[in-house]
Amino acid sequence: MKIIDKLKKAFEKQPVSTTKIVRLDSVESTNGYLRTYKPEENEPMTVVMADYQTAGRGQGTNKWESEAGKNLLFSVLLHPYEIPVATQFLLSMYGALCLRDVLTKYVGEDITLKWPNDIYWKNKKLSGTLIETKLSGGRIKDCIFGVGLNVNQTVFKSDAPNPVSLCQILGKEIDREALLQKIVQAFERNYEWIRSANYGAISSMYHDALYRGKGFYWYEDKDGAFEGAIVEVEDNGHLILRDREGRIRTYEFKEIKYGKI
Ligand SMILES: O=C(O)CCCC[C@@H]1SC[C@@H]2NC(=O)N[C@@H]21
């Protein structure tokens, strides 16, 4: 085969992303940027990424700090009108599974999903997600899926929650742009899951990928520490644990902490 034909073939095989990606040097927060963003009519998905955030937000009242130009800080705007509010955890599972798919290709087996949607490598946090939704008539009008993924940072502040970066795991710097392309392609490819609203299949993939998905581990709620095993994550996103006495305990996010293994 001629070289040009080989190149053409390779190019045809390479999926090309159709999603608009807005690239910024610095912004307060990529989630905040998308909150006032007006998409074109034929723009099902928009991504905004920044090299630096001056007020990056984490879960609850946490800040998300990230060294300039080292990591991936991006938010994906989706309009999943198909999804009723009651089952909006589907979005959380979809996003986390997209990230896991790509990161597993980089790192291998040890990538898991820590309820509700952190990405862990072994027992260290590789990525965190902040989801914000705008509702209309009991359905989801807009969903902003904001991701902070540690890529090339190697020194973290001491109060960061057990962080790790891809560079630390793999021992080499990672091309952030190529990684972002792969993640966006996974979001595009897997959007079919949302369209088909195949809750059972997504939920089963999510459960298979859960950190501490099997066996008893230490947890901590407002009454203290206890050993529990994950029974399931409900469709509404609540975590159900069974303790050593067989008691079933149900938690919303922030009501439970992971104790030491
Ligand atoms: O606390 C967490 O684990 C969630 C962290 C989410 C951080 C990302 S960085 C990009 C996007 N913009 C923000 O302000 N936050 C999210």
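For clarity, every value in this text was computed on a predicted model and none was experimentally measured.

**Here we look at the nonpolar core**
Generally speaking, a soluble globular protein has its nonpolar side chains buried in company with each other.
(1) Moving on: In terms of nonpolar packing, the biggest core is built from 58 residues, with Leu 72, Phe 74, Tyr 94, Leu 149, Leu 179, Ile 183 and Tyr 206 touching the most fellow members.
(2) Moving on: The dominant element in this core, judged by the number of residues it contributes, is helix α3 (residues 89–107), at 11 residues.
(3) Moving on: When residues of this core are assigned to domains, at least three fall in each of domain 1 (12–209) and domain 2 (217–258).
(4) Moving on: Discounting residues that sit within four places of it in the chain, Tyr 206 has contacts with Phe 89, Met 93, Leu 97, Leu 113, Trp 115, Pro 116 and Val 233.
(5) Moving on: Counting nine residues, the second-largest nonpolar core is a separate cluster that includes Val 27, Leu 34, Val 48 and Ala 50.

**A look at the domain arrangement of the protein chain**
(1) Moving on: As far as domains go, the protein chain holds domain 1 (12–209) and domain 2 (217–258).
(2) Moving on: Here the C-alpha centroids of domain 1 and domain 2 sit 25 Å apart.
(3) Moving on: On the side of domain 2, 14 residues touch domain 1, which itself brings 12 residues to the contact.
(4) Moving on: Interface area, domain 1 with domain 2, both sides summed: about 1000 Å², of which 69% is carbon and sulfur.
(5) Moving on: For domain 1, the biggest contributors to the area lost against domain 2 are Phe 89, Trp 115 and His 207; these three give 55% of the whole.
(6) Moving on: The tally of links between domain 1 and domain 2 comes to zero salt bridges.
(7) Moving on: Viewed at the interface, domain 2 and domain 1 are joined by four residue pairs in polar contact (both at pLDDT 80 or more).
(8) Moving on: Examining the composition of the side of domain 1 that touches domain 2, we find that three residues originate from one element, helix α6 (residues 199–208), more than from any other.
(9) Moving on: Partitioned by chemical class, the residues of the side of domain 1 that touches domain 2 number six nonpolar, five polar and one charged.

**Quick notes on the site of the ligand**
(1) Moving on: In the vicinity of the ligand, 20 residues are found, and the nearest of them are Ser 29, Gln 53, Arg 57, Gln 59 and Lys 125.
(2) Moving on: At 2.8 Å, a side-chain N or O of Ser 29 approaches an oxygen atom of the ligand.
(3) Moving on: Backbone polar atom of Arg 57 to a nitrogen atom of the ligand: 2.7 Å apart, as the coordinates give it.
(4) Moving on: If the ligand stood free it would expose 420 Å²; the protein chains cover 98% of that surface.
(5) Moving on: For the shell around the ligand, the secondary-structure elements that each account for two or more residues are α2 (30–35), β3 (72–78), β6 (124–136) and β7 (139–149).

**Details of the side chain of Arg 176**
(1) Moving on: Position of Arg 176 relative to the elements: it lies in helix α5 (residues 176–196).
(2) Moving on: At a separation of 3.3 Å, a polar atom in the side chain of Arg 176 contacts the main-chain carbonyl oxygen of Gly 69.
(3) Moving on: What Arg 176 contacts, discounting residues up to four positions off in sequence, is Asp 51, Gly 69, Lys 70, Asn 71, Leu 72, Val 151 and Asn 152.

**Here we look at the environment of Cys 98**
(1) Moving on: If you trace the backbone, Cys 98 turns up in helix α3.
(2) Moving on: Judged by its relative accessible area of 0%, Cys 98 is buried.
(3) Moving on: Considering only alpha carbons, one finds Cys 98 and Tyr 191, 93 residues apart in sequence, at a separation of 9.4 Å.
(4) Moving on: If we ignore the near neighbours within four places in the chain, the residues touching Cys 98 are Ala 186, Phe 187 and Asn 190.

**Observations concerning the packing of aromatic side chains**
(1) Moving on: Under the criterion given, the structure shown has 12 aromatic pairs.
(2) Moving on: Here the aromatic rings of Phe 145 and Phe 187 are separated by 5.5 Å at their centres, their planes lie at 70°, and the arrangement is edge-to-face. Here Phe 145, found in strand β7, pairs with Phe 187, found in helix α5; they are 42 residues apart in sequence, far enough to count as distant.
(3) Moving on: Here Phe 145 falls in the buried class, since its relative accessible area comes to 0%.
(4) Moving on: For the ring pair Tyr 211 and Tyr 258, a centre distance of 6.1 Å and an interplane angle of 50° mean the geometry is tilted. Within this pair, whereas Tyr 211 is found in the loop between α6 and β8 (216–221), its partner Tyr 258 is found in strand β12 (residues 257–258), the two being separated by 47 residues in sequence.
(5) Moving on: Through successive ring pairs, a cluster of aromatic residues spans Tyr 120, Tyr 211, Tyr 219, Phe 226, Tyr 251 and Tyr 258.
(6) Moving on: Over the ring of Phe 216 we find Arg 244, and its NZ or CZ is 4.0 Å from the ring centre.

What counts and how
- Here the residue numbers are simple positions, counted from 1 along each chain's written sequence.
- Selection of residues for local features in this predicted model requires a pLDDT of at least 70, selection of side-chain atom pairs for listing and counting requires 80 or more, and totals for whole chains, interfaces and linings are taken over all residues.
- Derived side-chain values reflect all non-hydrogen atoms in the structure, with water molecules and hydrogen atoms excluded from consideration.
- What is meant by a nonpolar core is a set of buried Ala, Val, Leu, Ile, Met, Phe, Trp, Tyr and Cys residues, joined one to another through side-chain atoms within 4.5 Å.
- Throughout this description, buried means an accessible area under 20% of the type-specific maximum (1.4 Å probe, protein chains only), exposed means over 50%, and partly exposed covers the range between.
- Numbering of helices and strands runs from the N terminus; a helix is a DSSP stretch of H or I covering at least four residues, while a strand is a stretch of E covering at least two.
- The source of the domain bounds is an automatic or database domain assignment.
- What makes two residues a contact is simply this: any of their non-hydrogen atoms within 4.5 Å.
- When two parts are brought into contact, each loses some accessible area as probed by a 1.4 Å sphere; the total of that loss over both is the buried area.
- By salt bridge we mean one thing: a side-chain nitrogen of Lys or Arg within 4 Å of a carboxyl oxygen of Asp or Glu.
- Two N or O atoms count as a polar contact when they lie within 3.5 Å, although within protein this holds only if one can serve as hydrogen donor and the other as acceptor, and sequence-adjacent residues are included solely when both atoms are side-chain atoms.
- Gly is put with the polar residues, along with every residue not named as nonpolar or charged; the nonpolar set is Ala, Val, Leu, Ile, Met, Phe, Trp, Tyr, Cys and Pro, and the charged set is Asp, Glu, Lys and Arg.
- Distances are taken per atom, and a residue is near a molecule or strand as soon as one of its heavy atoms is within 4 Å of it.
- Areas reported as accessible are Shrake-Rupley estimates using a 1.4 Å probe. Residue values count occlusion only from the protein chains shown.
- Any two of the Phe, Tyr and Trp rings considered here, Trp counted by its six-membered ring, make a pair once their centres fall within 6.5 Å; the pair's planes then place it as stacked at under 30 degrees, edge-to-face at over 60, or tilted in between.
- By the criterion adopted, a ring carries a charge over it if an Arg CZ or a Lys NZ lies within 6 Å of its centre and within 35 degrees of its normal.

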